[in-house]
Each structure stands twice: as structure tokens, then as C-alpha cells.
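A structural walkthrough
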Amino acid sequence: MADCFRIIKEISADRLNDDELNDILERLNEEKRVRIARGQLQDLESQLFERGVLMARDADLARKIEKRNRYRNIIVENKIMEMTERADQAINDPSLGVEAILVGVNSPFEGAGRSVDAITNAIMRSYVGGFIADLNSSGLMQAFNTMSSEMEREVARVLSDLNMPQPTRAVKASQDAVLIAEIMFKYQRAALQRENRAGSYIQLKSGRVVGSSHNPALLSKAGRDEWKNYIRDRLDYDRMDIRPDRIEKFLDSAYSAIVSGVRINDQMPADISAMFKGPANLAKKRSAHGVFTFKSADDWYDYNQTFGSRSLREAYLQDLQSSARSSAIMEMLGTNPQAMLDRVLNRLREKYRDDPKKLASINREGWSGVVNLQAALDEVTGDVNIGSSSTIARWMSGFRALQTMSKLGGAVVSAASDLAFISSARMYQGRSLLDSWGDAFTAVFKGMGGPEKRELADRMGVGIEGQLGDFMSRFDAQDDVPGATSKLMQLFFKLNLLQPWTESNKRGVALMISNDMGREAAKSFAELPQDLQRILGLYSIKAKEWDIARTSVKKGPDGRDYIIPGEIADEQVRESVFAMIMTETESAIPSPGARERSILRRGYRPGTLAGEAIRTLTQFKSFGITVLSRNLGRHVYGYGAKSKREALTSGRSVQALANVIVGTTALGYLSMQAKELLKGRDPRPATPETMIAAMMQGGGLGIYGDFLFGETNRFGGGTLETIAGPGVTTITDTIDLLQRARGVVTGGDEDISGDAIKLIKSNIPFANLFYTKQALDYLLWYQMQETINPGYLRRMERRVENENDQTFWMRPSNIIQTGGGFR
């Protein structure tokens, strides 16, 4: 081996040190023993020599990548420190620069909106939006969404072939399967290349389908031995560079890593682990993420059906999401995000050690601790979801999903207040008061335009929540809901009409923002309206970037000019424009991001007592937090005010806030009265109490709305439910009912049948859809209540009249006779 050492050293031109060369020789010796054990003796020495040359070249490339990443990390750190300087100069709080990098802030300094969260969404939506547009233009969207198992298997085979060094393009598959796979491959390859540019070194294994999809719950249920026996003969250990004597150790380590969510780095193949240094190195983890290599596409598919997502569609989207997140994190936080955050905060503490106020803000003490920086990092990296596969986490997630599907059947009626938030956002974006309301009332119709406009919006990545399967996060940003439950949730939000309402509004607003820029594309940055300059600056789009962005202006199907971010050649500018359109759209139709989730979850993980408690207590609270954070917050701080007092003495902020308050009050009043009519009741009397309730119900403070009437909140629950969340109310009501039932069993004469029916009714998914609820009440629930508890309906009517000073336009007792049955 001495000759090998000398020859490889000469080949590497002394770029590798002796330790690295000795490491290569040790690995070659291991490979030699393996080949001898397998009887692979023909041309052994020449094969080992060629292998050694490749290892040397790979090691040299790894050194270059590591050196590149060290330099990039230095640049990233300096950029973050520059952001803290801008925040300090703008609002005397350098810590907001770090917060801006992680999750974005409202203060209008350069780059304040170009966060890791925004760029993650921008990259992901650019992939998925383009993917959906390509499927639609090829007439394959329906086929993709409804793929049978055989169709999925065919698509997997074609994808595997496309990922070969020299595709055969001879896979037996239908034409639709081939076309779908080719479109998937297009964005899969774009994601790989983007991630490698950000700092990874991912070399796809030939024959790959998509990233290995694992369902930790299914692995836990099966157990280690059953899982190992199933996967053992389906993996290609030669291509994974795993010796036969290490297979069992590798599988044990992989099982533990998947079930726990924590990767054990020392079990990774040596050629990967040698490439990156440092703890929690994201580039290293991502470079090793393709370590599971299956022998064939069928082996991958069978495993995915047994222990994965059981859906090629879901596995593919998860793969894109993971890649987008990693690209954004490495781009903005370097290859080791945790170490970067710690280093920057330590530098800030040292720099401002003599300034108690700024030091308190850096440490997030007092009011400045609303957004915990560690919690924000955990949100953007996804670490906050580690533990979601545990038994308790899965049960509690399912329980909260049940509450969602049994409580939000009438949420679209309350969603009328979205119009006020759209108007508010459009005012911030530079529109006049009247124009902003015009935009608010027409957004939904623009978003429901023809297929050409839909494709335009798809390519901007907006209005595609249903396709991504995360629509419910708008009102409940607590859980990642997989599998069959996720499909039920998607169906529920389609049936209650909230999904089409929200998606159409988002598409409409996105088209308006794109058109705002398109109208101004002939102007230089200095000539743009001040409001547009301010918003562009939030996403680091200044004069140079604007000149690049405005070259993408295109005529839309309506003859208007639009800036199309996907047409922008420069990657950074393209992602900044994507981030701007998406973030501004989600401020107009309040949708929670990582900032709002970090405020709610505080970094507590699922499966822990604190994590599950906080997720249950804050269910349905994300909407109110989002309104305060994204919409009202920008009118307080988004014009440059350094304090709330300064903002509230600014004419523009006062006008904008007044517009929100008046608009949400009026729309809240209409929503509230509409819900009363749907219940068969007359409108509430126009008392001061009613108007206050309408003001609260229409806006982000809607959780207090109906306390004055002691009955229901924005989503249909009572006072305890509003404070503690619907899940807590259901648990307490169940316990109370069981305690009372015990008294009945032991000889008590209390009648609990009516309350039992009420509890069952309030926890049946899909039973409270606003357009079927009344029919179900009269056909089933009122009949049961009267049969079990004669006179129940008359007592209920009197209670409403006495407590709410409210009458009925359709009295239940006029239709259903005492004791049950129709009159």
C-alpha cells in the first residue's frame, strides 16, 4: 500500500494531507477485505487503484467545498451583523435584526421582511407553483391528484430511470405516468441544484425516486426487528458504501434516528462525514440525506407503502419542502444555524454590554421576549416538530383535528372580516382608502378568473394551500397532520367553503401586487412611489435588484402588465420577489408564519407535557395572533415609528388603524347577524353591547366578541372554550358528565341525557357545516332532545329571550312538538 500512498498523493498534487490520505487507504483496505470475502477477485488491484483515485478526487472536492462553506459562513455572519446595525440605527434595537433574519419584523429597515421563513416559502412555492402550472397546462393535474397505486408505481419507475446516469427511457409505463414523472424530475433536479449552491454536496444515487419517506409511527408500531427484516434486502449497500459487517449496526442506528428524529452522525458513510466539520452541521446532514438507496423503484415504492407516507405525491412534496428549507437556512444562516445564532448573540452581548436596555432586548427579557429567538430558530429549522411521531403526540394531534372538524363548520361566515384586512394591507402597499376597499371587494373575483389567470397565480406560488395539504394552518398553526387525517381536513375545508374563499382571495391579492409592480416597471427605483420603495426595501430589493426584477414584466391574459418572479434570471432577486408577493399576500389574508408559531409554541416540542398543553390551549388562537402580528403590527411599526406612542400620534398610522377597526366592526356585525339567522333567530338588537361584540368578533380580538352575551365566540364556542381552547372544554365537559353519570348510577335522579347529546353533537366532524347544520338540528338533534327531555326546546327559547333579549324568526318549538315528532 506504500506505492498506493505515493501514487494517490501525486494524483492529489499534495492538496491532501497525510491523515486524509491514510484515511483513504484505510477505507481501501476495508473495501479490499469486502471484495475478497465476496469472491470478487478479478482485476482486484486495478479496481482498487481506480477506486482510490476517485476517493482522492472526492476528498479534494470535499476540502474545496468545506473551504467554500467556511468563507460563506463568514460572509453570512457579517451580513447578519450588518442587519443588526440597520435595526439599531432604525429603531434602537439590534436584536430585531436577528429576529428579522429568522422570521421577519414589521419595522421598515432594509431586509426586515426577507427572513429565512419568507425565503423558505418563496423557494417552496416557486417549485410547487411551477409544478402545478406545468401539470395544469399539460392537462395532468387531476391525474396526479388521483393516481392509483399502479399509476404511482409507474411514475416511480420512470423517475428512477430519469435519475440514472444514462436514462434508458424504455420503462413500461403509460404516457400520463411518463409526463408526470418528467415534470416531477424537472423540479426535483432544480431543488437539488439550488441546495448544492447553498452549501450542500448532494450526489444523487443513480435510480433514486424521491427522498426516503419514513413514518416513525409505523416503525414504532412494527418494532425494530420487523422493520429491519423488511428493509434489509431492499437496500443497495454497495451504492450506499456500507460494508456487510456494518449492515446490522447501520440499520439499528437508522431505526433509532428515524423513530427519535435525531440523526446519529457517526453512522454515516465515511465519504460523507469527512466532508463537513462542526456539530449540527446542516450541510453535512443534507449531503447525507440520500443515504437510503433502494435496489429498485419497486423496492422504494413497496417500502413507502409499508413504512412511509403511503403516497408518492406526499413523499415528493415533503422532499421539496425539506430541500427548500435547507436551501434557505444555509443561504441565510450558514451551514450550522445553531452555532451561527449563538455566535451572533454572543457578539451582540459583548458589543452592547454597557447598554442595559439593548442587552435586555438581546436576551429577550420583558416585552422584548414576545418572540423567543431560539424558538424562532427551531420553527424555521423544523426542530420544533421533533417528537411528533410519539404516541401521545399522535393521539393529541388527532384529538385537535377532531376539534377542528367539529367546530369550524361556519368559519367562512366569520371570514367576511378578511375584506377589512385586505383593505388594510392594500393601504399599507400604497393604495388610497377607496381604492383599497375596491380591491378588497374584487379580490375574490379576480382570484376566480379563467385558467390563464389561475396559471399566473400558480406560478407566483399563491392560493395553492389545498394542493400543499396545509390549508388548516391558517386557523390552527399547531400541528403537522399526516396521512388520512390530513385528507379529511382538506375535504372539510373544501366543504365549509373556507378553502376556496381564502385561496381565491390570495390569488386576487397576489395578482394585484404583481400588477402594482408591472405598472411601474418602466420607472427606475428612484422614480417609484415611496410606498412601493419601502415595501421593496423590506425584501432587500433596491435600485440594482429592481432593474433586474422589472425585466420580467409580462402582459397578462387581461392585457395588464405583471411582474412574474419565475421569469427573473437572478436567483436572489427572484426569491426576494417571490417572498415579497407571498408575504404581502399573507398579511392581507392573515395566515400564520414561523413568527406567529414561535409566539404560540415557544419552542416546546410535541410529545412533551408542555408541548401538548400549549398546543391544546392555543388551538384556534393563531388567527388572532396573526392579525396582531402581521396586520395591525405593521400599521403601528411599519412606517418607521420607534415606539407605540410615536405611531399612535402619526396621522397615517391612526388612519390605517381606524380603517381596520371600523371595517372589521361593520363586517363583524354582518357576520354575527348572519350566524344568528342561520340559527333560526332574529338579529341581535342594535345595542351598544352588540356593537362592541361586533367590533371584537370582526377582528383579531374576536376571542372576546361574544363574552357580553355569554354564548359563543368567533368559531362557535363558549367562554371557557375561548380562553382554554375547544379541546380543554371537551375534556372538562366529558369529565363533568362522567361524574354526574356516576351519581345517576348510584341512585341519583339527575337527567344528563340532554347534556350527553349536546356533547356528542359538538364533537362530530362535518356535522356543523353552516349550510347543513340547521337541517340536522331539526331532523335529528332537536328531535332527540325533545324525546329524551320533553319541553327542552321551549326552555331553550325562553333562555335565549331572557339572556340575549333575542327572539326567533323560526321557533324550533313551532316545528317540533313537545316530546318529539313534527307538528
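Report on the accompanying structure.

Cut-offs used in this document
- Residues numbered from 1 in each chain as written.
- Predicted model: local features only at pLDDT ≥ 70, side-chain atom pairs only at ≥ 80, totals over all residues.
- Heavy atoms only, no water.
- Helix = DSSP H or I, 4+ residues; strand = E, 2+ residues; numbered from the N terminus.
- Buried < 20%, exposed > 50% of the residue type's maximum accessible area, 1.4 Å probe, protein only.
- Contact = heavy atoms within 4.5 Å.
- Areas by Shrake-Rupley, 256 points an atom, 1.4 Å probe, with all protein chains shown as cover.
- Core = buried A, V, L, I, M, F, W, Y, C linked by side-chain atoms within 4.5 Å.
- Salt bridge = Lys/Arg side-chain N within 4 Å of Asp/Glu carboxyl O.
- Patch = residues over 30% accessible without salt bridge, like charges linked within 9 Å, V, L, I, M, F, W, Y side chains within 5 Å.
- Lys, Arg positive; Asp, Glu negative; His and termini not counted.
- Charge placed at Lys NZ, Arg CZ, Asp CG, Glu CD.
- Phe/Tyr/Trp six-rings, centres within 6.5 Å; stacked < 30°, edge-to-face > 60°.
- Lys NZ or Arg CZ within 6 Å of the ring centre and 35° of its normal.
- Expected span 1.5 Å × (residues − 1).

**So, the overall build of the protein**
- Secondary structure assignment for the protein yields 42 helices and two strands.
- The proportion of buried residues among the 823 residues of the protein is 54%.
- If you take every contact in the protein between residues at least 6 apart in sequence, the share linking residues at least 24 apart comes to 72%.
- Per element, the accessible surface of the protein, about 35,000 Å² overall, is 55% carbon and sulfur.

**Things to note about the nonpolar core**
- Membership of the largest hydrophobic core comes to 134 residues, with the highest contact counts inside it found for Leu102 and Trp227.
- At 11 residues, the largest contribution of residues to this core is made by helix α5 (residues 116–137).
- With residues up to four places along the chain from it excluded, the contact list for tryptophan 227 reads Leu219, Leu251, Ala254, Tyr255, Ile258, Phe292, Tyr303 and Phe307.
- Counting residues in each nonpolar core, the second largest holds 13 residues, with Ala401, Ala415, Met489 and Leu769 among its members.

**Comments concerning the pattern of salt bridges**
- Evaluation of the coordinates by the stated rule reveals 40 salt bridges.
- Here arginine 347 ties to glutamate 77 by a salt bridge, and the two come within 2.7 Å at their closest N and O atoms. With arginine 347 in helix α17 (residues 337–351) and glutamate 77 in helix α3 (residues 44–91), this residue pair connects regions lying 270 residues apart in the sequence.
- Residues arginine 169 and glutamate 182 are paired through a salt bridge, measuring 3.3 Å at the closest nitrogen-oxygen approach. With arginine 169 in the loop between α7 (149–162) and α8 (175–198) and glutamate 182 in helix α8, the pair connects residues that are 13 residues apart, well separated along the chain.

**Concerning the side chain of serine 406**
- Relative to the helices and strands, serine 406 resides in helix α20 (residues 391–407).
- Residues in contact with serine 406, not counting those within four places in the same chain, are Ser762, Asn763, Ile764, Pro765 and Asn768.

**A word on a positive patch on the surface**
- A cluster of like positive charges, contributed by Arg794, Arg795, Arg798 and Arg823, occupies part of the molecular surface.
- Here arginine 823 is to be found in the segment after α42 (812–815).

**Structural notes on a nonpolar patch on the surface**
- On the surface, Leu776, Leu779, Leu780, Met784, Ile788 and Phe822 cluster together to form a nonpolar patch covering roughly 510 Å² of accessible area.
- Summarising the element assignment, phenylalanine 822 is placed in the segment after α42.

**Here's the deal with the environment of leucine 495**
- Take leucine 495: it is sitting in helix α26 (residues 483–495).
- Distance from leucine 495 to glycine 409, taken between C-alpha atoms, is 8.4 Å for residues 86 residues apart in sequence.
- Every residue in contact with leucine 495, bar those within four places of it in the chain, is listed here: Phe766, Leu769 and Tyr771.

**Structural notes on the environment of leucine 179**
- Among the secondary structure elements, leucine 179 is positioned in helix α8.
- Separated by 21 residues in sequence, leucine 179 and valine 158 have C-alpha atoms that sit 9.3 Å apart.

**Quick word on the packing of aromatic side chains**
- All chains considered together, the criterion is met by 13 aromatic pairs.
- Plain terms: the ring middles of phenylalanine 131 and phenylalanine 144 are 5.1 Å apart, the flat faces sit at 80° to each other, and that makes the pair edge-to-face. Here phenylalanine 144 lies in helix α6 (residues 141–145) and phenylalanine 131 lies in helix α5, a separation of 13 residues in the sequence.
- When the centroid spacing of 5.2 Å and the interplanar angle of 50° are considered together, the rings of phenylalanine 131 and tyrosine 316 count as tilted. In this pair, phenylalanine 131 is assigned in helix α5 and tyrosine 316 in helix α16 (residues 312–333), connecting sequence segments 185 residues apart. With respect to class, phenylalanine 131 is no different from tyrosine 316; both count as buried.
- When the ring centre of tyrosine 230 is taken as reference, the NZ or CZ atom of arginine 234 above it lies at 3.8 Å.
- One cation-aromatic arrangement involves arginine 534 over tyrosine 428; the distance from NZ or CZ to the ring centre is 4.3 Å.

**Some words on α7**
- Spanning 14 residues, α7 covers 20 Å between terminal C-alpha atoms, matching the ideal 20 Å at 1.5 Å per step.
- Of all the residues in α7, the buried ones are Met151, Glu152, Arg153, Glu154, Val155, Ala156, Val158, Leu159, Ser160, Asp161 and Leu162.
- Buried residues along α7 sit in contact with α8, α15 (297–307) and α16.

**Looking at the environment of valine 76**
- Tracing the sequence through the fold places valine 76 in helix α3.
- Non-local contacts of valine 76, meaning those with residues more than four positions away in its chain, are made with Met330, Glu331, Met332, Leu333, Gly334 and Met340.

Geometry only, nothing functional implied.
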